[in-house]
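# Working through the structure, step by step
The chain contents come next:
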Amino acid sequence: MERKGNIKMAIRKMKMDDISTVGEIYIQAFGYQPESIKFYKLKPYVQFCMDEGYAFIAEDDGEIKGFIIGYEKPSMFNGRIAHIELLAVRPADQHQGNGEKLIDRFIESAQAKGVKEVSVSTACYKDAYLIYRHLGFSDAQSDLRNLFKRV
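These numbers come from a predicted model, not from an experiment.

### Some details on the overall build of the protein
From N to C terminus, the protein includes 4 helices and 6 strands. The secondary structure elements of the protein, listed N-terminal to C-terminal, are β-β-α-α-β-β-β-α-β-α. Counting over 151 residues, the protein shows a buried share of 36%. Sequence-distant contacts, at least 24 apart, represent 60% of the contacts inside the protein between residues at least 6 apart. Carbon and sulfur atoms form 52% of the exposed surface of the protein, whose accessible area is close to 10100 Å².

Structure below.
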């Protein structure tokens, strides 16, 4: 646990008891309407990331400030990649190192499992892109585009 002033900062594994707070933070951090969360299958998704060992909470004196979730995926070049799916910090708690500490914990978890690469996808026009670049993530410089088809 790290002390920030009089505040005790901790990064811990996420628990299913955290799910409602995770949903609230998601809505706040991305500016969604509260009713939009009903369209997401957040609980099974978070459970999947927890089972993968990539779901963490930033907490100060028992108050959840943010979270990070992700999973491993296969890679033809690196064997396995740990992918950050979602990082969110309450707006009032942003720019205080919470996101960076969550990313650090995610990377530590990946390294402990022998994973050599961590990936993240974000829009290049968002602040998150610059934050990830500042933290040492490189732009893939790829022609790949993410496509989907609902079936």
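### Considering the pairing of strand β4 (residues 63-75)
Here strand β3 (residues 55-60) pairs with β4 via 6 bridges, running antiparallel. Directly across from I57, in β4, lies its bridge partner F67. If you look at the hairpin formed by β3 and β4, you'll find 2 residues sitting between the two strands, and D61 has a positive phi there, around 45°. When β4 meets strand β5 (residues 79-89), the two strands line up antiparallel, connected through 10 bridges. Across the sheet, residue I68 finds its bridge partner in β5, namely L87. Where β4 folds back onto β5 in an antiparallel hairpin, the turn is made up of 3 residues.

### What to know about the packing of aromatic side chains
Here the structure, examined in full by the defined rule, presents 6 aromatic pairs. Measuring from centroid to centroid gives 5.4 Å for Y132 and F137, while their planes differ by 75°, and the two rings are edge-to-face. A cation sits over an aromatic face here: K113 above Y54, 4.1 Å from the ring centre.

### Overview of the nonpolar core
The biggest cluster of nonpolar side chains holds 17 residues, and the ones touching the most others in it are I68, A82, I84, L102, F106 and V118. Counting only elements with at least two residues in this core, the list comes to β3, β5 and α3 (98-112). Beyond its immediate chain neighbours, meaning those up to four positions away, I84 contacts I68, I69, G70, F106, V118, S119, V120, S121, Y132 and F137.

### Details of unusual backbone geometry
Peptide bonds are, in most cases, trans, and in most cases residues other than glycine have a negative phi. In this model, D61 sits at a positive phi of 45°, which is unusual for a non-glycine residue. Within the secondary structure layout, D61 lies in the loop between β3 and β4. The exposure class assigned to D61 is exposed, which follows from its relative accessible area of 54%.

### Here's the deal with the pattern of salt bridges
One pass over the full model with this rule turns up 5 salt bridges. In this structure, R12 and D18 form a salt bridge, with 2.9 Å as the shortest nitrogen-oxygen distance. No difference in accessibility class separates R12 from D18, as the two residues are buried. The salt bridge involving K65 is made with E63; its shortest N-O contact spans 3.4 Å. Overall, the relative accessible area of 40% leaves E63 in the partly exposed class.

### A few points about the packing of helix α1 (residues 19-30) against helix α2 (residues 42-52)
Look at α1 against α2: their axes get within 11 Å of each other, and the N-to-C directions meet at 105°. If you check the angle between α1 and α2, you find them roughly perpendicular. Contacts between α1 and α2 involve I19, V22 and G23 on the former and, on the latter, L42, K43 and V46. Split by residue class, the contact of α1 with α2 holds 4 nonpolar, 1 polar and 1 charged.

What counts and what doesn't
- Every chain begins its residue count from 1, and numbering advances along the sequence as written.
- Given that this is a predicted model, residues contribute local features only at a pLDDT of at least 70 and side-chain atom pairs are listed and counted only at 80 or more, while totals for whole chains, interfaces and linings are drawn from all residues.
- Here the side-chain values reflect all heavy atoms present in the structure, with hydrogen atoms and water set aside.
- Runs of E in the DSSP output that reach at least two residues are strands. Runs of H or I that reach at least four are helices, and both are numbered from the N terminus.
- Burial classes: relative accessible area under 20% of the type maximum marks a residue as buried, over 50% as exposed, and values in between as partly exposed (1.4 Å probe, protein chains only).
- By the convention used here, residues are in contact when the closest approach between their heavy atoms is within 4.5 Å.
- Note on areas: Shrake-Rupley, 1.4 Å probe, and residue coverage restricted to the protein chains presented here.
- Any two strands with at least two DSSP-identified bridges between them are counted as paired.
- Stacked, tilted and edge-to-face are the three classes assigned to paired rings of Phe, Tyr and Trp, where Trp is represented by its six-membered ring and a pair needs centres within 6.5 Å; plane angles under 30 degrees give stacked, over 60 edge-to-face, the rest tilted.
- We call a charge positioned above a ring when the Lys NZ or Arg CZ atom is no farther than 6 Å from the ring centre and deviates by at most 35 degrees from the ring normal.
- We call a set of buried residues a nonpolar core when its members are Ala, Val, Leu, Ile, Met, Phe, Trp, Tyr or Cys and they connect through side-chain atoms within 4.5 Å of each other.
- The salt bridge criterion pairs a side-chain nitrogen of Lys or Arg with a carboxyl oxygen of Asp or Glu, the two atoms within 4 Å.
- Axis lines are fitted through C-alpha atoms, for helices just across the contact stretch, and the angle between N-to-C directions can take any value from 0 to 180 degrees.
- Angles are sorted into four bins: roughly parallel if under 35 degrees, roughly antiparallel if over 145, roughly perpendicular if 65 to 115, and oblique for all others.
- Each residue is assigned to one class: nonpolar for Ala, Val, Leu, Ile, Met, Phe, Trp, Tyr, Cys and Pro, charged for Asp, Glu, Lys and Arg, and polar for all the others, Gly among them.

No statement about biological role is implied by the geometric values presented.
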